[in-house]
Amino acid sequence: DLVTRVLGSLPSDALVLEVGSGARFVDERVVSLEVVVTPGVDVVASALALPFPDATFDFVFSQAVLEHLTDPALGVDEMVRVLKPGGVFYAEVAFMQPVHMEPFHYFNHTQYGLEHLCRGLDVVEVESIGSFAEVVRWLAVEAGVVEMLGLSWLDRVTDDLEKVHRMQTREQRLRVASGVLLLAVKP
């Protein structure tokens, strides 16, 4: 994945921050930050007020976090503030996803919304995450359709949608993706 590739390209003494890490371990260089006490987390703090000096980290990343912040623009601004000039920023956000992690799901973001949040950064890549088939499956489960109609119809529909996904253009995928990712560099 892209985070692993970026980590692999960094020097061994690089400082890395993961905002919203949960309990996962990524790399020994990563400072894991979470809003609640969680096993394996290094720092407990809000993404809206990061407890680090300006220009501390070589790489800052968050995965499935911005949609759970009451002020995602402030969250991105904080992550960029603690990023060194020339440092790499990476974010993954929900786009066509139903409500999850209730009641802490505030926003979904299009490609354009994520690019706007990252204004001032030099965007390297924007891409879709997941397929429309994943979106349909998730929506059907959340809406209770699977409980009423079973899985066989959904499996047929999503199998067909996965075939369509493989034929879609990048632009089509970005319009109906489960999520969006952005990779950028701080000037």
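About the criteria used
Residues numbered from 1 in each chain as written. Predicted model: local features only at pLDDT ≥ 70, side-chain atom pairs only at ≥ 80, totals over all residues. Heavy atoms only, no water. Phe/Tyr/Trp six-rings, centres within 6.5 Å; stacked < 30°, edge-to-face > 60°. Buried < 20%, exposed > 50% of the residue type's maximum accessible area, 1.4 Å probe, protein only. Helix = DSSP H or I, 4+ residues; strand = E, 2+ residues; numbered from the N terminus. Contact = heavy atoms within 4.5 Å. Axes fitted to C-alpha atoms, helices over the stretch in contact; angles between N-to-C directions. Parallel < 35°, antiparallel > 145°, perpendicular 65-115°, else oblique. Left-handed = near helix turned anticlockwise from the far one by under 90°. Nonpolar A, V, L, I, M, F, W, Y, C, P; charged D, E, K, R; others polar. 1 Å grid on protein atoms, 1.4 Å probe; cavity = no way out; pocket = protein on both sides within 12 Å on 5 of 7 lines; lining within 4 Å. Points joined across faces, edges and corners; volume = space filled by probe spheres on them.

Chemist: So what exactly am I meant to see when it comes to the packing of aromatic side chains here?
Modeler: Centre distance and the angle of the planes are the two values used to describe a pair of aromatic rings. In this structure the tally under the stated criterion is two aromatic pairs. Seen from their ring centres, Phe52 and Phe57 are 5.0 Å apart, and the 90° between their planes marks the pair as edge-to-face. For Phe57, a relative accessible area of 2% puts it in the buried group. For the ring pair Phe59 and Phe61, a centre distance of 5.1 Å and an interplane angle of 25° mean the geometry is stacked. Like Phe61, Phe59 is buried.

Chemist: Hey, could you run me through helix α2 (residues 72-81) in this one?
Modeler: Since the α-helix packs 3.6 residues into each turn, any two residues three or four apart lie on the same face. Among all positions of α2, only Pro72, Gly75, Val76, Glu78, Met79 and Val80 are buried. Where the residues of α2 are buried, they touch β1 (16-19), β4 (57-63), β5 (83-94) and α3 (111-117).

Chemist: Can you help me understand the packing of helix α4 (residues 132-142) against helix α6 (residues 152-167) in this one?
Modeler: For any two helices packed against each other, one specifies the inter-axial angle together with the distance between the axes. Close contact between α4 and α6 brings their axes to 8 Å; oriented N to C, the two are set at 160°. On the basis of the axis angle, α4 is roughly antiparallel to α6. Remark: the crossing between α4 and α6 carries right-handed chirality. Contacts from Phe132, Ala133, Glu134, Val136, Arg137 and Ala140 of α4 reach α6 at Trp153, Leu154, Asp155, Thr158, Leu161 and Glu162. In terms of residue class, the contact of α4 with α6 is made up of seven nonpolar, one polar and four charged.

Chemist: Explain the layout of surface pockets to me, please; I cannot follow it from the model alone.
Modeler: To locate leftover empty space, one rolls a probe as large as a water molecule over the atoms. In this structure, the largest pocket occupies an estimated 450 Å³ of space. Around the largest pocket, the lining comprises 19 residues; the ones closest to its centre are Glu34, Val35, His68, Leu69 and Met101. Its residues placed into classes, the lining of the largest pocket shows 13 nonpolar, five polar and one charged.

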